[in-house]
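Chain by chain, the residues:
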Amino acid sequence: MTTMKSVQTSPTKPDTIDVVEIERPVPGPRDALMRIRACGICGTDTFFVHMGGTPYGSSDGSVASLPLGHEPAGEIVEVGAEVADLKVGDRVVVNPQGAPSGIIGCGGELGGMRDYLLIENVVVGESVAVFPDDVPFDVAALNEPMAVARHCVNRSEATEDDKVVVFGAGPIGLGATIWLKLRGVRNVVVADVIPSRLETALAVGADAVINSATEDVTARLTELHGEAPNALGQRRAGTDIYIDAAGVPAVFDAVIASAKWKAKMVMVAVQKKSDAIDLGGMLRSELTLVASQGYPTEIFEVTAELAEHQDRFAKLISHRVPFVDVDRAFELARTPGAAEKIVVTFD
């Protein structure tokens, strides 16, 4: 039996990962086998690591071990006899939601943080997309999170004349910033509490930044976006669209304090349950709240532009960690402020 290494959660030791030896899959006639060359770590991965797995689908709430990794990029090393539109050597990214056995790395039977990934019932344009040879694997591994960011921007319906602020300069917030600028939006501000993240925001194209730990957000937005009334005629910032890529209560408070009449808030960050939402504040601005989840159509919509603008997207990667040090990679990912975007690389 030929084996390979795979990273999974540890039900008996939460906050740690297990690197286990499993059988290397053999593709069926409609499958392909992908050698993983890079795989990003997402906040969802660290959530599952903290839990020790996933309780979803369990009748008694018990936690089962979970294969990790839903941001892989790699190359095809085997194709089934009935696969006509893919060949050995093709460099590909995958649609984690396109696997028949469940979402890759998020509750399904397969994970992308391993030596080889079986791509079941492979169809180019549905389960995989081929990317150019000049794109590094670590940058290609940004395809999935950048699809999340792209869906958020699509949901915002931002036009070139809209004044936008993005809260949170992590990978999704910075990705949204890039997509907004590529969309032609002329005035994009990024707010965060970490100076190094704000420097990256400027490097990828933000027009201005706000350190929300030291600056008055409403005052700065008014300075940058001008002034406009809310529904009661009270003076507010002229910001048209607020994007929450941070997922902390302070963001919602800042939006309520700043929002003009008919402003829009797009929520892409995972929110914790809260009873403290100021619904009256929303009413005073007739604030439209738009939720953004995943990437219904965007997973391969982004691939060509990611390749075209690869140098800009590469700035999002703060750490490239070899697979032999995958424990360290997850430790960095679980430590607040220690890293931005971590990509695990494979030889």
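Counting of residues starts from 1 at the beginning of each chain's written sequence and follows it residue by residue. Note on the predicted model: pLDDT of at least 70 is required for a residue's local features to be given, and 80 or more for side-chain atom pairs to be given and counted; whole-chain, interface and lining totals, by contrast, use all residues. The basis for the side-chain values is all heavy atoms of the structure; hydrogens and waters are excluded.

Caption draft 1: Quick look at the overall build of the chain. The helix and strand tally for the chain stands at 11 helices and 17 strands. What the globule rule says is 2.2 Å times the number of residues to the power 0.38, and the radius of gyration is computed from C-alpha atoms. Its C-alpha atoms give the chain a radius of gyration of 21 Å, near enough to 20 Å, the size a compact globule of 347 residues would have. In terms of overall dimensions, the chain has C-alpha extents of about 70 × 45 × 30 Å along its principal axes. Counting the 347 residues in the chain, one finds 52% classified as buried. Contacts are assigned to residue pairs that have any heavy atoms within 4.5 Å of one another. Counted over contacts in the chain with a minimum sequence separation of 6, partners at least 24 positions apart contribute 66%. When the accessible surface of the chain is split by element, carbon and sulfur atoms take 51% of a total near 15200 Å². Helix and strand assignments come from DSSP, with helices taken as H or I runs of at least 4 residues and strands as E runs of at least 2, each series counted from the N terminus. Each residue's exposure class comes from its accessible area (1.4 Å probe, protein chains only) as a fraction of the maximum for that residue type: buried when under 20%, exposed when over 50%, partly exposed otherwise. Calculation of accessible area relied on Shrake-Rupley with a 1.4 Å probe; when residues are assessed, cover is drawn exclusively from the protein chains displayed.

Caption draft 2: Geometry of the environment of Gly 111. Structurally, Gly 111 is set in the loop between β5 (91–94) and β6 (116–119). We classify Gly 111 as buried; its relative accessible area is 0%. As a C-alpha pair, Gly 111 and Leu 174 span 63 residues in sequence and 26 Å in three-dimensional space. Not counting chain neighbours up to four residues away, the residues in contact with Gly 111 comprise Pro 67, Leu 68, Gly 69, Ile 104, Gly 105 and Leu 117.

Caption draft 3: Structural view of the packing of helix α1 (residues 43–51) against helix α11 (residues 326–334). Interaxial angle, 0 to 180 degrees, is taken between N-to-C directions of lines fitted to C-alpha atoms, where a helix line uses only the stretch in contact. Running from N to C, α1 and α11 point in directions that differ by 100 degrees, and their axes come no closer than 10 Å. Compared by their axis directions, α1 and α11 come out roughly perpendicular. Side by side, α1 and α11 meet where Asp 45, Thr 46 and Val 49 of the first sit next to Phe 330, Ala 333 and Arg 334 of the second. Classification convention: Asp, Glu, Lys, Arg as charged; Ala, Val, Leu, Ile, Met, Phe, Trp, Tyr, Cys, Pro as nonpolar; all other residues, Gly among them, as polar. Of the residues contributing to the contact of α1 with α11, the split by class is 3 nonpolar, 1 polar and 2 charged. Every angle not falling under 35 degrees, over 145, or within 65 to 115 is termed oblique; those three ranges are roughly parallel, roughly antiparallel and roughly perpendicular.

Caption draft 4: Expanded view of the nonpolar core. Membership of the largest hydrophobic core comes to 50 residues, with the highest contact counts inside it found for Leu 180, Val 190, Ile 243 and Phe 313. For this core, the leading source of residues is helix α3 (residues 143–156), giving 6 residues. If near-sequence neighbours (up to four positions away) are discounted, Val 190 is found in contact with Val 166, Ala 169, Thr 177, Leu 198, Ala 201, Ala 206, Ala 208, Val 209 and Ile 210. By nonpolar core we mean a set of buried residues, namely Ala, Val, Leu, Ile, Met, Phe, Trp, Tyr and Cys, connected to one another through side-chain atoms within 4.5 Å. Of all hydrophobic cores here, the second largest spans 34 residues; its members include Leu 68, Val 122, Leu 332 and Ala 339.

Caption draft 5: Focus on the packing of aromatic side chains. Classification of ring pairs uses Phe, Tyr and Trp, with its six-membered ring standing for Trp, and accepts pairs whose centres are within 6.5 Å; under 30 degrees between planes counts as stacked, over 60 as edge-to-face, and the remaining range as tilted. Here the structure, examined in full by the defined rule, presents 4 aromatic pairs. On the basis of an interplanar angle of 55 degrees and a centroid distance of 5.6 Å, the ring pair of Phe 47 and Phe 48 is categorised as tilted. For Phe 47, a relative accessible area of 37% puts it in the partly exposed group. Given the relative accessible area of 5%, Phe 48 is considered buried. With 5.1 Å between their ring centres and 50 degrees between their planes, Trp 179 and Phe 313 make a pair best called tilted. Taken together, the residues Trp 179 in helix α4 (residues 171–182) and Phe 313 in helix α10 (residues 310–314) connect sequence positions 134 residues apart.

Caption draft 6: Region of interest: the packing of helix α6 (residues 217–225) against helix α7 (residues 249–258). Here α6 crosses α7 at 50 degrees, and the two axes come no closer than 9 Å. Looking at the two axes, α6 sits oblique to α7. In this structure, the crossing between α6 and α7 has a hand that is right-handed. Across the interface between the two elements, Val 217, Thr 218 and Leu 221 from α6 touch Ala 254, Ala 257 and Ser 258 from α7. Here the residues of the contact of α6 with α7 sort into 4 nonpolar, 2 polar and no charged. We call a crossing left-handed when the near helix sits turned anticlockwise from the far one by less than a right angle, and right-handed when that turn is clockwise.

Caption draft 7: The arrangement of the pairing of strand β9 (residues 187–192) in detail. Of all 6 residues in β9, 5 are buried; the element is thus mostly enclosed. Between any two strands, at least two bridges found by DSSP are needed for them to pair. For strand β8 (residues 163–167) and β9, the ladder comprises 5 bridges, and the chain directions are parallel. Within β9, the position partnered with Val 164 by the bridge is Val 188. Orienting the strands away from the viewer, one traces the path from the first strand over the helix to the second; a clockwise path indicates a right-handed crossover. Handedness of the crossover joining β8 and β9 through α4: right-handed.

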